[in-house]
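Given next are the chains, with one letter for each unit.
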Amino acid sequence: MTDRRMYTSGPDIGQLLEVDHLHKRFGDTIALDGLSVEIGGGEIVAVLGPSGSGKSTLLLCLAGILPPDQGDVRYCGRSFSALIDATRTRLRRDEFGFVFQFGQLVPELTAVDNVSLPLRLAGLRRRDAVTRARAFLGSLGVEEVADKRAGEMSGGQAQRVAVARALVARPRAIFADEPTGALDSTNGELVMELLVSTARQQGSTIVLVTHEPQVAAYADRQIVVRDGKLAHDVALV
């Protein structure tokens, strides 16, 4: 597959994501209040905070999905605000992966078709995309559900399929919003181990929103958001 990434520098890229004095409101509610943070290439960063603290809003701004009211978000040194919508869409397709609390698999597609979808959108032939997707499902221990749809899988299986979809195209950054929130502790640990170990092998950055300390413990660094501000920023390694 031809590398269609916008930014294709080597693994030592310094600050992958930079947030500079972000402000975001929803009506009278302040979600982000002047927050600034930097995230390096290959880092695994957990974002913690109480409900309503602004952590999910921060994740959406970092991924270029939600524009801030004020402030700037930069990816590889380039401001999202300088990019047209089509370029931001291409960036999310080719360089970012996403994992959400409930997986959000396409219900009409089988697991292998869900996982191969990012590869097909990037231009890979269907046969090659499916072969790669099946291999990835096998590496995550869910090859037995390759031809099943989401409604035919357990919660843990569906979430591992979602992780495979997020990682299969070797994204530079993965954004995960409560990826274990709908799972029991055993499946949650398994999903996190697979997500983190595979991302480390690929050199991907993970930005992980969670309220669970045991999930945050997988990170290299923890940042705590409170009232839309950066309250703590602690390196764990």
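Note: the structure precedes this text.
To start, this report covers the structure provided alongside it.

1. Observations concerning the state of the cysteines
In a disulfide, the sulfur atoms of two cysteines are held together by a covalent bond.
Here is step 1 of the chain: All chains considered together, the criterion is met by zero disulfides.
Here is step 2 of the chain: For the unlinked cysteine C61, the closest cysteine sulfur is that of C76, found at 18 Å.
Here is step 3 of the chain: Taking the relative accessible area as the measure of exposure, C61 reaches 2% and is therefore buried.

2. Some thoughts on the sheet that holds strand β2 (residues 29–40)
Here is step 1 of the chain: Taking strand neighbours across the sheet as the criterion, the four strands line up as β2-β1-β4-β5 in an open arrangement whose pairing is antiparallel. Lying at the two open borders of the sheet, with one neighbouring strand each, are β2 and β5 (78–79).
Here is step 2 of the chain: Two strands pair when backbone bridges link them, and strand β1 (residues 15–26) and β2 are joined in this way by nine bridges, in the antiparallel orientation. In the sheet register, L22 faces β2, and the bridge partner there is L35.
Here is step 3 of the chain: Against the sheet, helix α1 (residues 55–62) makes contact with β1, β2 and β4 (70–75), and its axis sits at roughly 125° relative to β1, the strand it touches most.

3. Let's talk about helix α6 (residues 185–202)
Here is step 1 of the chain: Given a rise of 1.5 Å per residue, 18 residues ought to cover 26 Å, and the 26 Å separating the end C-alpha atoms of α6 matches this to within 8%.
Here is step 2 of the chain: The complete set of buried residues in α6 reads G188, V191, M192, L194, L195, V196, T198, A199 and Q202.
Here is step 3 of the chain: Just downstream of α6, G203 is the residue with a positive phi angle, here 75°.

4. Side note on the sheet that holds strand β6 (residues 96–100)
Here is step 1 of the chain: An order of β6-β7-β8-β3-β9-β10 is seen for the six strands of this open sheet, with the pairing classed as mixed. This sheet does not close on itself; its edge strands, each paired only once, are β6 and β10 (229–235). On average, adjacent strands in this sheet sit at an angle of 15° to one another, irrespective of strand direction.
Here is step 2 of the chain: Of the pairings in the sheet, the one linking strand β9 (residues 221–226) to β10 comprises six bridges and is antiparallel in character. Across the sheet, the residue bridging to R221 is A235, located in β10.

5. Examining the packing of helix α5 (residues 155–167) against α6
Here is step 1 of the chain: Interaxial distance between α5 and α6 falls to 10 Å at its minimum, and their mutual angle equals 15°. In terms of axis orientation, α5 runs roughly parallel to α6. Pair α5 / α6 crosses with right-handed handedness. Where α5 abuts α6, its residues G156, Q159, R160, V163 and L167 lie against N187, L190, V191, L194, L195, T198, A199 and Q202.
Here is step 2 of the chain: Of the residues contributing to the contact of α5 with α6, the split by class is seven nonpolar, five polar and one charged.

6. Details of helix α2 (residues 85–95)
Here is step 1 of the chain: Within α2, burial applies to T87, R88, L91, D94 and E95. Buried residues in α2, looked at end-on, bunch into an arc of 140°, giving them a common side.
Here is step 2 of the chain: For α2, the secondary structure elements touched by its buried residues are β4, β6 and β7 (173–177).

Conventions we followed
Residues numbered from 1 in each chain as written. Predicted model: local features only at pLDDT ≥ 70, side-chain atom pairs only at ≥ 80, totals over all residues. Heavy atoms only, no water. Disulfide = S-S within 2.5 Å. Buried < 20%, exposed > 50% of the residue type's maximum accessible area, 1.4 Å probe, protein only. Pairing = 2+ DSSP bridges. Helix = DSSP H or I, 4+ residues; strand = E, 2+ residues; numbered from the N terminus. Contact = heavy atoms within 4.5 Å. Axes fitted to C-alpha atoms, helices over the stretch in contact; angles between N-to-C directions. Expected span 1.5 Å × (residues − 1). Parallel < 35°, antiparallel > 145°, perpendicular 65-115°, else oblique. Left-handed = near helix turned anticlockwise from the far one by under 90°. Nonpolar A, V, L, I, M, F, W, Y, C, P; charged D, E, K, R; others polar. Arc of directions from axis to C-beta.

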